[in-house]
Amino acid sequence: MSSNSDNSNRFSATRRKLLMGMAALPAVPLLAQTGLLTTPAHAQAPATADVNTTGLAVTDDEVTVGILHSVTGTMAISETGSVQAEKLAIDQINAAGGVLGRKIKYIQEDGASDWPTFAEKAKKLLVQDKVAAIFGCWTSASRKAVLPVVEQYNGMLYYPTFYEGLEQSKNVIYTGQEATQQILAGLDWVQETKGGKTFYLIGSDYIWPRTSMKIARKHIEGHLKDSKVVGEEYFPLGHTQFNSVINKIKLKKPDVIYAAVVGGSNVAFYKQLKAAGIDLSKQTLLTISVTEDEIDGIGGENIAGAYSCMKYFQSLDNPNNKEFVAAFKKMWGEKTVIGDVTQAAYLGPWLWKMTVEKAGSFDIDKIAEASPGIEFTKAPEGYVKIHKNHHLWSKTRVGQAQVDGQFKVVFETPDLIEPNPFPEGYQ
């Protein structure tokens, strides 16, 4: 087994290489006890016949789940942290006695940054492996590919990424934010604090950025006083040539650059902004797609000064987060970083465990029915609760990127924001 120092060096180097276009992610053995929780094992597990009536991969002492993320391709830099977080949660749950007295076994599949592959692997996990839950996806394109599969075969997907909303399914628990919790609150903040009146929208070219920008434009032009969009452009995933749009931005001189560039393209985008003389300590840039995971490859010196709107930052100062960060680094190395989606991925196995135990069953229909109202008081972000629409109540925060790759939190909503995936007037 590798030492923590070895793991740290390996993963820090790997993330930077992935952002520069390398596809391979080395496997790292799962470490044993994390020490976060010490709950004793269940004295007596309920009979399998009572808790598994639909033929899932559940035995008297084990339950099998699926992990489905990109560990190769342009999205690997973003999804690597999700895999790490889900494995940490599973390890902690097992150390605390498992789920209904059963240890969790996982089968990991690679979506390979390819949406048809995600659908294929999801079907394999549900039909062949008969997993009790899937923790996975990152982009909305991958989720949209997987959604009809989990609905057809009645699986349960725990999806960790902030996304555009406009979706609700019995078969999905959305552990990231939807648009009203991220986009609207962030735009309100940037106008109130930075006087933003003109906005230039730029994103990667697939469903999440396009839908998010549609929502953003409606909010800017319909709800922010005297504000307008002065430019809007999209680029393919993996795109690396942004000089043309940067020149347009320099000519338009927008008050705010509003960015939803995804995956490895972020390295080129932020390096080229800096090379073009755009100083992000003076030019306001608000992103809804860059977390600490991406900065690990971008380099803090290339994005320092920019703002990011998320519900979680590694720098959050609360007891839950301190325990989580310590456990994550113990497992994956001191140099690893933790972003918003990584934290939301960590929530998935815990929320599933609590829901299974509330339902007293691994059956999907019973889990779907039992999910609303589930609370996780040990969430690193502070506290989460599942709404009846299968999204989470959560706060919105804005952080300013620092040279060291972390964020300084400059804004936090005073209360949890109720999820509203179908906001009136934005569809």
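For the structure, see preceding data.
The following paragraphs examine the structure supplied in this document. (Residues numbered from 1 in each chain as written. Predicted model: local features only at pLDDT ≥ 70, side-chain atom pairs only at ≥ 80, totals over all residues. Heavy atoms only, no water.)

Let's shift gears to the pairing of strand β8 (residues 256-260). Taken across its 5 residues, β8 has 5 buried, putting it largely inside the fold. Burial of β8 is two-sided: the residues Val 256, Tyr 258 and Ala 260 facing one way and the residues Ile 257 and Ala 259 facing the other way are all buried. The pairing of strand β6 (residues 198-204) with β8 spans 5 bridges and is classified as parallel. Of the residues in β8, the one forming a bridge with Tyr 200 is Ile 257. (Buried < 20%, exposed > 50% of the residue type's maximum accessible area, 1.4 Å probe, protein only. Helix = DSSP H or I, 4+ residues; strand = E, 2+ residues; numbered from the N terminus. Pairing = 2+ DSSP bridges.)

Bringing the pattern of salt bridges into the picture now. A full pass over the atoms with the stated rule returns 18 salt bridges. Here Glu 167 and Lys 144 are joined by a salt bridge, their closest N and O atoms 2.8 Å apart. Within this pair, whereas Glu 167 is found in the loop between β4 (157-159) and β5 (172-174), its partner Lys 144 is found in helix α5 (residues 140-152), the two being separated by 23 residues in sequence. According to the relative accessible area criterion, Lys 144 is partly exposed, its value standing at 33%. In this structure, the salt-bridge partner of Glu 232 is Arg 217, at a minimum N-O distance of 2.8 Å. (Salt bridge = Lys/Arg side-chain N within 4 Å of Asp/Glu carboxyl O.)

Our next topic: the pairing of strand β9 (residues 284-287). Neither face of β9 is exposed, since Thr 284 and Leu 286 on one face and Leu 285 and Thr 287 on the opposite face are all buried. With 4 bridges joining them, β8 and β9 adopt parallel strand pairing. Note on β9: the bridge partner recorded for Tyr 258 is Leu 286. The parallel pair β8 and β9, bridged by helix α9 (residues 265-275), forms a crossover whose chirality is right-handed. Where β9 and strand β10 (residues 307-310) come together, 2 bridges link them in parallel fashion. Its bridge partner being in β10, Leu 286 is matched across the sheet by Tyr 307. Read from β9 through helix α10 (residues 292-298) to β10, the crossover connection turns out right-handed. (Right-handed = clockwise from strand over helix to strand, strands pointing away.)

On to the sheet that holds β5, then. With respect to topology, 5 strands assemble into an open sheet ordered β2-β1-β3-β4-β5, the strand pairing being parallel. At either margin of the open sheet sits one strand with a lone partner, and together these are β2 (103-110) and β5. Adjacent strand axes in the sheet meet at a mean angle of 25° when their direction is disregarded. Here strand β3 (residues 134-136) pairs with β4 via 2 bridges, running parallel. By the bridge assignment for β4, Phe 135 is matched with Tyr 158. Contacts from helix α4 (residues 115-128) reach β1 (62-69), β2 and β3 within the one sheet, and its direction differs from that of β2 by about 150°. Across the sheet, helix α12 (residues 340-359) touches β1, β2, β3 and β4, and the angle it forms with β4 is around 140°. (Axes fitted to C-alpha atoms, helices over the stretch in contact; angles between N-to-C directions. Contact = heavy atoms within 4.5 Å.)

Quick look at the environment of Ile 93 now. Mapped onto the elements, Ile 93 comes out in helix α3 (residues 76-95). When its relative accessible area of 0% is taken as the criterion, Ile 93 is described as buried. Sequence separation between Ile 93 and Pro 349 is 256 residues; the distance between their C-alpha atoms is 8.2 Å. Discounting residues that sit within four places of it in the chain, Ile 93 has contacts with Gly 98, Val 99, Ile 104, Pro 349, Trp 350 and Lys 353.

Let us look at the sheet that holds strand β11 (residues 375-376). An order of β11-β12-β13 is seen for the 3 strands of this open sheet, with the pairing classed as antiparallel. Edge strands, defined here as strands with exactly one partner in the open sheet, are β11 and β13 (392-393). Bridge count between strand β12 (residues 384-386) and β13: 2 bridges; the pairing is antiparallel. Paired with Ile 386 across the two strands is Leu 392, which belongs to β13.

Our next topic: the packing of α3 against helix α11 (residues 319-332). Where α3 contacts α11, the two axes come as close as 10 Å, and the packing angle between them is 105°. By the angle between their axes, α3 is roughly perpendicular relative to α11. Across from Gly 81, Gln 84, Ala 85, Lys 87, Leu 88, Asp 91 and Gln 92 in α3, the residues of α11 making contact are Phe 324, Ala 327, Phe 328, Met 331 and Trp 332. Within the contact of α3 with α11, the residues separate by chemical class into 7 nonpolar, 3 polar and 2 charged. (Parallel < 35°, antiparallel > 145°, perpendicular 65-115°, else oblique. Nonpolar A, V, L, I, M, F, W, Y, C, P; charged D, E, K, R; others polar.)

Inspection of the entire model under this criterion finds 17 aromatic pairs. Each ring, one from Phe 242 and one from Phe 269, has its centre 5.2 Å from the other, and the planes form 65°; the classification is edge-to-face. In this pair, Phe 242 sits in the loop between β7 (228-235) and α8 (243-252) while Phe 269 sits in helix α9, placing the two residues 27 residues apart along the sequence. Phe 269 sits in the buried class, given a relative accessible area of 0%. Each residue in the set Phe 135, Tyr 158, Trp 352 and Phe 362 is aromatic and connected to the rest through ring pairs, giving one cluster. Here Arg 143 stacks its cationic end above the ring of Tyr 159, 4.9 Å away from the centre of that ring. Here the basic side chain of Arg 210 rests over the ring of Tyr 234, its NZ or CZ set 4.1 Å away from the ring centre. (Phe/Tyr/Trp six-rings, centres within 6.5 Å; stacked < 30°, edge-to-face > 60°. Lys NZ or Arg CZ within 6 Å of the ring centre and 35° of its normal.)

Another point: the side chain of Glu 109. Relative to the assigned elements, Glu 109 resides in strand β2. Sequence-distant contacts of Glu 109, that is, excluding residues within four places in its chain, are made with Ile 67, Leu 68, His 69, Lys 121, Lys 124 and Leu 125.

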